[in-house]
Amino acid sequence: MQLAAVGFGTDVWWLILLKAVLIFAFCVVMTLFAIWWERKVVAWMQMRIGPKYTGPQGLLQSLADGVKLALKEDITVKGADKAVYIIAPIVAMVPAFMAFAVIPFGPEVSIFGHRTHLQLTDLPVAVLYILAVASVGIYGIVLAGWSSGSTYPLLGGLRSSAQMISYEIAMGLSFAAVFLYSGSMSTSEIVAAQQDTWYAVLLPVSFIIYVVAMIGETNRAPFDLPEAEGELVGGFHTEYSSLKFALFFLAEYVNMVVVSSLATTLFLGGYLAPWPITAVWDGANSGWWPFLWYFLKVQAFIFVFIWLRGTLPRFRYDQFMKIGWKVLIPLSLVWLMLVATVRALKNEGYEQSRIVLWVAGGVVALLLLSILWDAVTPNKDADEEAAAKAAGPETFDPMAGGFPVPPMPGQQLPPVPRRNVRRPEPVGAPAAELPADRTEGEA
């Protein structure tokens, strides 16, 4: 069966419009279902019931909450830049829907007698289109923080921009390995290239890097630093209410579905059925059945989002940035170099066993060199730590530079002078004698 995408751009206008409307409805329904699913799973993890009364098993609770948000009073703060303040939620939401234009939901099917792909359109650089659109969505968060005229939303917006820069680099590098193996940036052609083996098996490091980066990109726990309640009240949407806040809420969950769909497309074979099913059923990848496999794979990723939120605490901001810049990006570069080397050797006609032997030998040699380097290089950090312990705790000025600063590891706050508090004497008890160095007026 031919799985590569052909014939895009030949659909009649009403069929294109119908597919666009169905994609929008799919995103909204998936958002409502994901919110209900998250509340149910977290309740199960915490031995609670979760939504139960609104609709069967609480299925309509998300819809009721959305109606409630839309009917709430819409408040606009006086210090806000009103035009940007109103536009920001729209800027955050629209790109999330636009990314679905190139996501393949299934192969070619018949709709009202017309043969068409279960995909709105495709591009030779479809994955780059998704990256570009997702980057535009960050502007909505930054503009929301800036236009609110408040300190905490501004800090949340700046955090979100730094988070996008840090994790989108690693995400793009993980995509590059997929491009090398598939020979294309088209989403439909990448799915077709995985008919034999999914790229999650061939490129496990790229898959793991993308999963970590996609959680950071969507501002989800444990990487939800732009809206950390502990230090930022609510982050970039602190000053928002009613329908504008609901748009931010909608954008977050649609972005979850987008990154889950992209992970499914690039690493889990897209809409292709898994191996046990294809081994016993020849028609698993034909008709409307592939949409079911796509949906189940996306739900598996959404469950991972929920699982992490219910189990892991929020990272400190310095830890979060360290993971992006010092772990994911260097690891992505080294892995991409190895993948490119393997592909180049295969293109030159070398045998697979010899390629694996050479690459494994190079990795072992690098590990041995790093161990040898650590053995012969003096540990300056340990020496400095020992000297600091010998010198005793370091005191510092918490108001250096005119701003309060927290103590660094090894530093100690100076003792805070305490005023002696005179406790009330019991009724009828003799008055306590004052110390010799204090007068009655000072007491």
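Residues numbered from 1 in each chain as written. Predicted model: local features only at pLDDT ≥ 70, side-chain atom pairs only at ≥ 80, totals over all residues. Heavy atoms only, no water.

## Brief notes about the overall build of the protein chain
Reasoning step 1: Helix and strand counts for the protein chain come out as 15 helices and four strands.
Reasoning step 2: Taking all 443 residues of the protein chain together, 40% fall into the buried category.
Reasoning step 3: Within the protein chain, counting contacts between residues at least 6 apart in sequence, those at least 24 apart form 74% of the total.
Reasoning step 4: Taken as a whole, the protein chain presents about 25200 Å² of accessible surface, with 67% of it coming from carbon and sulfur. (Helix = DSSP H or I, 4+ residues; strand = E, 2+ residues; numbered from the N terminus. Buried < 20%, exposed > 50% of the residue type's maximum accessible area, 1.4 Å probe, protein only. Contact = heavy atoms within 4.5 Å. Areas by Shrake-Rupley, 256 points an atom, 1.4 Å probe, with all protein chains shown as cover.)

## Description of helix α4 (residues 126-147)
Reasoning step 1: Over its 22 residues, α4 extends 32 Å from the first C-alpha to the last, a length consistent with the 32 Å expected when each residue adds 1.5 Å.
Reasoning step 2: Backbone geometry just downstream of α4 places Gly149 in the positive-phi region, at approximately 70°. (Expected span 1.5 Å × (residues − 1).)

## Considerations on the nonpolar core
Reasoning step 1: Ranked by size, the top nonpolar core spans 87 residues in total, and within it Phe100, Phe175, Tyr210 and Met214 carry the most contacts.
Reasoning step 2: Counting residues per element, this core draws most heavily on helix α10 (residues 242-267), at 14 residues.
Reasoning step 3: Excluding anything up to four places from it in sequence, Phe175 contacts Val127, Leu131, Tyr210, Leu262 and Leu266. (Core = buried A, V, L, I, M, F, W, Y, C linked by side-chain atoms within 4.5 Å.)

## Examining the pairing of strand β1 (residues 106-111)
Reasoning step 1: Sheet analysis places β1 next to strand β2 (residues 114-118), joined by five bridges and oriented antiparallel. Bridge pairing in β2 places Ser110 opposite Arg115.
Reasoning step 2: Hairpin connection from β1 to β2: two residues lie between these consecutive antiparallel strands, with Phe112 at a positive phi of about 55°. (Pairing = 2+ DSSP bridges.)

## As for the confidence of the model for the protein chain
Fine structural detail should not be taken from predicted coordinates in areas where pLDDT scores are low.
Reasoning step 1: For the protein chain, mean pLDDT is 84; residues scoring 70 or higher make up 86% of the total.
Reasoning step 2: Throughout residues 439-443 the model reports pLDDT below 50, and contacts reaching past four residues in sequence, or to other chains, amount to six contacts. (pLDDT = per-residue confidence, 0-100.)

## Details of the pattern of salt bridges
Reasoning step 1: Counted according to the given criterion, the structure contains nine salt bridges.
Reasoning step 2: A salt bridge links Arg115 to Glu108; the shortest N-O distance between them is 3.4 Å.
Reasoning step 3: Shared partners join several salt bridges into a network, and the residues in it are Glu38, Arg220, Glu252 and Arg309. (Salt bridge = Lys/Arg side-chain N within 4 Å of Asp/Glu carboxyl O.)

## Here we look at the packing of helix α3 (residues 82-98) against α10
For any two helices packed against each other, the geometry comes down to the angle between their axes and how far apart the axes lie.
Reasoning step 1: Close contact between α3 and α10 brings their axes to 8 Å; oriented N to C, the two are set at 20°. Put simply, α3 runs roughly parallel to α10. Viewed along their axes, α3 and α10 form a crossing whose handedness is left-handed. Here Tyr85, Ile86, Ala88, Pro89, Ile90, Ala92, Met93, Ala96 and Phe97 of α3 lie close against α10, whose contacting residues are Lys244, Leu247, Phe248, Leu250, Ala251, Val254, Asn255 and Val258.
Reasoning step 2: Classifying every residue of the contact of α3 with α10 gives 15 nonpolar, one polar and one charged. (Axes fitted to C-alpha atoms, helices over the stretch in contact; angles between N-to-C directions. Parallel < 35°, antiparallel > 145°, perpendicular 65-115°, else oblique. Left-handed = near helix turned anticlockwise from the far one by under 90°. Nonpolar A, V, L, I, M, F, W, Y, C, P; charged D, E, K, R; others polar.)

## Let's talk about the packing of aromatic side chains
Reasoning step 1: Here the structure, examined in full by the defined rule, presents 32 aromatic pairs.
Reasoning step 2: The interplanar angle of 80° and the centroid separation of 5.4 Å between the aromatic rings of Phe26 and Phe105 together place this pair among those described as edge-to-face. Residue Phe26 is located in helix α1 (residues 13-45), and its partner Phe105 is located in the loop between α3 and β1; the two are separated by 79 residues in the primary sequence.
Reasoning step 3: Taking relative accessible area as the criterion, Phe26 reaches 14% and is therefore assigned buried.
Reasoning step 4: Judged by relative accessible area, which is 7%, Phe105 ranks as buried.
Reasoning step 5: Between Tyr85 and Tyr240 the ring centres are 4.3 Å apart and the planes differ by 10°, which places this aromatic pair in the stacked class. (Phe/Tyr/Trp six-rings, centres within 6.5 Å; stacked < 30°, edge-to-face > 60°.)

## Some words on the environment of Trp198
Reasoning step 1: One can find Trp198 in the loop between α6 (187-193) and α7 (199-202).
Reasoning step 2: Overall, the relative accessible area of 23% leaves Trp198 in the partly exposed class.
Reasoning step 3: The spatial distance from the C-alpha of Trp198 to the C-alpha of Leu266 is 8.4 Å, given a sequence separation of 68 residues.
Reasoning step 4: Once you skip the residues sitting within four places of it in the chain, Trp198 turns out to touch Phe267, Leu268, Gly269, Leu272, Ala273, Pro274 and Lys297.

## Quick word on unusual backbone geometry
Reasoning step 1: Positive phi values are uncommon outside glycine, yet Phe112 reaches one of about 55°.
Reasoning step 2: You can see Phe112 is positioned in the loop between β1 and β2.
Reasoning step 3: On the basis of relative accessible area, Phe112 is assigned to the exposed category, the value being 68%.
Reasoning step 4: Phi is positive for Ser242, which is not a glycine, with a value near 55°.
Reasoning step 5: The residue Ser242 is located in helix α10 in this model.

## Observations regarding the environment of Trp335
Reasoning step 1: In this structure, Trp335 sits in helix α13 (residues 317-347).
Reasoning step 2: Of the residues examined, Trp335 reaches a relative accessible area of 18% and is grouped as buried.
Reasoning step 3: C-alpha of Trp335 to C-alpha of Ser174: the two residues are 161 residues apart in sequence and 8.7 Å apart in space.
Reasoning step 4: Every residue in contact with Trp335, bar those within four places of it in the chain, is listed here: Ala177, Leu202, Leu203, Pro204, Val205 and Ser206.

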